[in-house]
Amino acid sequence: MNLKKSLLLGTLALCFTSLTSHAQTKMTAEEAAVKIANRILNSTTYEFKNAKTGETYKSVKGLPVSPDVKVVSKYNQWHYTNGVTNIALMDLATKLGDKKYEKYVQKNMNFVFNDGNLDFFRKQYDQVFKEGGWNAIRDLSWHMIFRAKRLDDNGPMGASLIELQMRYPNKSFLNYINETADHLNFAEPRLVDGTIARLWPHVNTIWADDAFMAISFLARMGKLTGDQKYFDDAANQVLNYTRYLWCPEKQLYYHCYHTDNKEHGVAHWSRSNGWVFMAQADLLSMLPKDHPLRDELIKNFRQQASGVARYQGKNGLWHQLLDKEDSYEEITGTAMFVFGIARGVKEGWLHPDFIYVAEQGLKGMMKLISDAGDVRGICVGTGIMPSIAYYYNRPTQENDPMGEGPVLRALVEMMDAPKYTEIKAEEQYDKIVSKK
């Protein structure tokens, strides 16, 4: 075989492999959710590794404190993305009546709150912080559980602990939940009107992402305690975020608002809009039916649903930048919109026609989910930058909790979603009569 022919055959084989590996799965929403969830369960290890020596340990209790010892599995990390994934897995357990998924979350949390493990990493954190400060601790496993300075540290993870606490009461879980509540009530930076804002990249910048980081916890804290102050705070966050971030011309949220120079950020970023939408759906699901702001919140939710629907791409997916069709199709924002729309239709907050939008979104998502339950097209963690090019050029990744949690939540919600039906024209003709 000559070299030219060999190269041609090799190229054709590579193209065929690429096409087949990226072909749309024929799985149902339930089958896809189970495949993804089982892959997560089967790939999670409960061990530690010394990055310098290569030694592995099942427990770190009694080990000399070393900054080189780290948690091996990304699903054991203390990170807001795992909080979303934990919530999704517990939702899946409830939907399927299969406790193995919530037992997995319980096992993960027990792994963290094991006295020997937690004590070791607390000492590691204190030692490294003393020597190197805030920057030095960023590479440590579980540093967020001890840092507790931002909602990324404790909001969604605390929210998932509340869900777990309501199933399997545990004093250690409750202590952490109460610590997180104290942080939100007394330490989280806020504007004078109570709106949660970060101190970067400008002082008092409002991030759309924080709608979910805060409300995921506040709504569940209200559910856990029955204390209306948590529902009141969550409701006011939604309405204030809309006041600061909503763009009426495009019917979308900006990623941020800088209160110092009174300017919005450059992007209508998909996932940040998704965080707001998912937060609203969570809150409305738990808010008391007689809450004084409920009607206004439903109106706000409908406003965003209507805006989001106008930017769905031809493949059912939404773009990384919602208003920029030349930006790539991205699965996390898509999943959050599918989740929120499906929940909204089932609860009666949205017109039944909206389920068509969710159905098309699900079809798009399935293009990025393999038969093995691998999830592609997940935008990496994304901060706020003053250039639209930053958002265009964010890389994507595969099989990361950043996307797996939202994708699972969407799949679970679509399992029992109603099918789209339309009023047939011929069925209405008899209603048209002359009034002459």
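The structure displayed is predicted, hence computed values, not measured ones. (Residues numbered from 1 in each chain as written. Predicted model: local features only at pLDDT ≥ 70, side-chain atom pairs only at ≥ 80, totals over all residues. Heavy atoms only, no water.)

## Digging into the nonpolar core
- The biggest cluster of nonpolar side chains holds 129 residues, and the ones touching the most others in it are Trp78, Phe113, Trp142 and Leu411.
- With residues near it in sequence (within four places) discarded, Trp78 still touches Met109, Val112, Phe113, Trp142, Met144, Ile145, Asp153, Met157, Leu161 and Tyr176.
- Counting eight residues, the second-largest nonpolar core is a separate cluster that includes Cys256, Leu321, Ile384 and Tyr391. (Core = buried A, V, L, I, M, F, W, Y, C linked by side-chain atoms within 4.5 Å. Buried < 20%, exposed > 50% of the residue type's maximum accessible area, 1.4 Å probe, protein only. Contact = heavy atoms within 4.5 Å.)

## Remarks on the sheet that holds strand β1 (residues 48-50)
- A sheet is described by the order of its strands in space; here three strands give the open sequence β2-β1-β3, paired in antiparallel fashion. Across the chains shown, the open sheet's two edge strands, defined by having one partner strand only, are β2 (56-57) and β3 (69-71).
- In this structure, β1 lies alongside β2, joined through two bridges in antiparallel fashion. Looking at the pairing, Phe48 lines up with Tyr57 of β2.
- The strands that helix α5 (residues 115-136) touches are β1 and β3; relative to β3, the one it contacts most, it runs at about 125°. (Pairing = 2+ DSSP bridges. Helix = DSSP H or I, 4+ residues; strand = E, 2+ residues; numbered from the N terminus. Axes fitted to C-alpha atoms, helices over the stretch in contact; angles between N-to-C directions.)

## Quick notes on the packing of aromatic side chains
- Here the structure, examined in full by the defined rule, presents 25 aromatic pairs.
- Relative to Phe121, the ring of Phe48 lies with its centre 5.6 Å away and its plane at 35°, an arrangement referred to as tilted. Here the residue Phe48 occupies a position in strand β1, and Phe121 occupies one in helix α5, the gap between them amounting to 73 residues. For the residue pair Phe48 and Phe121, the accessibility class agrees, reading buried in each case.
- Taking the centre distance of 5.5 Å and the plane angle of 85° together, the rings of Phe301 and Trp349 count as edge-to-face. Pair noted here: Phe301 is in helix α12 (residues 294-309) and Trp349 is in the loop between α13 (331-347) and α14 (355-366), with a separation of 48 residues, a long-range link. There is no split in this pair, since Phe301 and Trp349 are both buried. (Phe/Tyr/Trp six-rings, centres within 6.5 Å; stacked < 30°, edge-to-face > 60°.)

## A word on the confidence of the model for the protein
- A residue-level look at the protein finds 94% of positions with pLDDT of 70 or above and a mean pLDDT of 95.
- Low confidence marks residues 17-21, where pLDDT is under 50. Its contacts with residues over four positions away, or in another chain, come to zero contacts. (pLDDT = per-residue confidence, 0-100.)

## Describing the packing of helix α11 (residues 270-286) against α12
- Packing of α11 against α12 leaves a shortest axis separation of 10 Å and a crossing angle of 145°. Judged by the twist between their axes, the crossing of α11 over α12 is left-handed. Across from Asn273, Val276, Phe277, Gln280, Ala281, Leu283 and Leu284 in α11, the residues of α12 making contact are Arg294, Leu297, Ile298, Asn300, Phe301, Gln304 and Ala305.
- Along the lines of polarity and charge, the residues of the contact of α11 with α12 split into nine nonpolar, four polar and one charged. (Left-handed = near helix turned anticlockwise from the far one by under 90°. Nonpolar A, V, L, I, M, F, W, Y, C, P; charged D, E, K, R; others polar.)

## Overview of unusual backbone geometry
- Cis geometry is found at the peptide bond from Trp200 to Pro201, where omega equals 0°.
- With respect to the helices and strands, the residue Pro201 is situated in the loop between α8 (171-187) and β4 (205-207).
- With phi around 65°, Trp142 is a residue other than glycine that occupies positive phi space.
- Mapped onto the elements, Trp142 comes out in the loop between α5 and α6 (143-147).
- Assessed through its relative accessible area of 1%, Trp142 is described here as buried.
- Positive phi, normally seen in glycine, also occurs at Lys262, with a value near 55°.
- For Lys262, the position within the fold is in the loop between β7 (256-258) and β8 (263-264).
- Judged by its relative accessible area of 61%, Lys262 is exposed.

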